[in-house]
Amino acid sequence: MAKANPDTQTVSRPKRMNKLAADIIQNGYSGEAGGDDAGIPGAAAKLDGVVRFLKGLMTEIDSAPEPTAPNPYLNMSLHLLSSHMEGRIVSASSLVDTSGVPYATAMRKLAEMEQSGLIEQRPRTKTGKSFSLHPSPAMIARWSQMADRIHRLGQRAFGGSGD
C-alpha cells in the first residue's frame, strides 16, 4: 500500500461559488482612484464599499489616542481585497507591511491565511520564484456575505437607502 504524500494535500473549497465571487475572480474590477463605483456591478460595489468603510474605520481605530492592538488578519484581508478589486498586484512584503504587527508575526499570520485556503499564490515568472498573492474564491465568498450583513447593519443603525 502506498503512503500518502503530505506535500500534495488539496485545499477544500466551497462546492458552489456564487456568481459575484466568480466574476470578481475572473475579471477583477478596476476601481477609480476617486472611489467612484461606476464600473462595478451592484453586489461587487457593495463589497467594495464595505471594504473601503472598514479600512477607514480601522485607520481611525488604530490611530486613536487609546492603546489598541492591530488586527493583522483584518488589515491584510482588507488590503488584499481592495487591491484585487482595483487590479493591483500584491506581494507578500506589501501585505505584511499593511498588517500593523511585527514582521515575524505578520509572516506567521500570512502563512496561516494561506494554509486555511483564504489566500492564493500565483507565479509571476516562469521559474515560479516570484509570485503574487490573491484572495481565494472562499475569501471572496465569505467577504461578500459579510459585506451584505454589514451593509444592512449600517443601514439599520444610520439610515440610508435600501439598495
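Keep in mind the model is a prediction, meaning the values are calculated, not measured. (Residues numbered from 1 in each chain as written. Predicted model: local features only at pLDDT ≥ 70, side-chain atom pairs only at ≥ 80, totals over all residues. Heavy atoms only, no water.)

Draft legend 1. Up close: a nonpolar patch on the surface. Nonpolar side chains collect at one region of the surface, where Phe53, Leu57 and Ile61 lie side by side and expose about 250 Å² of accessible area between them. Judged by its relative accessible area of 48%, Phe53 falls in the partly exposed class. (Patch = residues over 30% accessible without salt bridge, like charges linked within 9 Å, V, L, I, M, F, W, Y side chains within 5 Å. Areas by Shrake-Rupley, 256 points an atom, 1.4 Å probe, with all protein chains shown as cover. Salt bridge = Lys/Arg side-chain N within 4 Å of Asp/Glu carboxyl O. Buried < 20%, exposed > 50% of the residue type's maximum accessible area, 1.4 Å probe, protein only.)

Draft legend 2. Region of interest: the layout of surface pockets. Of the volumes computed, that of the largest pocket is approximately 180 Å³. Along the walls of the largest pocket sit Lys46, Gly49, Val50, Phe53, Ile150, His151, Gly154, Gln155 and Phe158, which together make up its complete lining. Considering every element that reaches the lining of the largest pocket, the biggest residue donor is helix α6 (residues 137-158), with five residues. The class makeup of the residues in the lining of the largest pocket is four nonpolar, four polar and one charged. (1 Å grid on protein atoms, 1.4 Å probe; cavity = no way out; pocket = protein on both sides within 12 Å on 5 of 7 lines; lining within 4 Å. Points joined across faces, edges and corners; volume = space filled by probe spheres on them. Helix = DSSP H or I, 4+ residues; strand = E, 2+ residues; numbered from the N terminus. Nonpolar A, V, L, I, M, F, W, Y, C, P; charged D, E, K, R; others polar.)

Draft legend 3. Here's a closer look at helix α3 (residues 72-86). With 15 residues, α3 extends 21 Å from end C-alpha to end C-alpha; this agrees with the ideal 21 Å at 1.5 Å per step. Most of α3 is tucked away: 13 of the 15 residues are buried. N-capping of α3 is provided by Asn71, with a side-chain oxygen placed 3.2 Å from the backbone N of Tyr73. Trailing α3 by a residue or two, Gly87 shows a phi angle of about 75 degrees, which is positive. (Expected span 1.5 Å × (residues − 1). Polar contact = N/O pair within 3.5 Å; in protein donor to acceptor, adjacent residues only side chain to side chain.)

Draft legend 4. Local environment of the pattern of salt bridges. Scanning all chains against the criterion turns up five salt bridges. Ionic pairing is found between Asp148 and Lys46, a salt bridge with its closest N-O pair at 3.8 Å. One end of the pair, Asp148, is in helix α6; the other, Lys46, is in helix α2 (residues 42-62), with 102 residues separating them in the sequence. Here Asp148 falls in the partly exposed class, since its relative accessible area comes to 29%. When its relative accessible area of 23% is taken as the criterion, Lys46 is described as partly exposed. Where Arg52 meets Asp48, a salt bridge forms, and the shortest distance between an N and an O atom there is 2.9 Å. One end of the pair, Arg52, and the other, Asp48, are both in helix α2, four residues apart, so they sit about a helical turn from each other. Judged by relative accessible area, which is 29%, Arg52 ranks as partly exposed. Looking at Asp48, the relative accessible area reads 2%, which means it is buried. Salt bridges linked by common partners bring Asp48, Arg52, Glu86 and Arg88 together as one network.

By themselves, these are just geometric observations and shouldn't be taken as functional.
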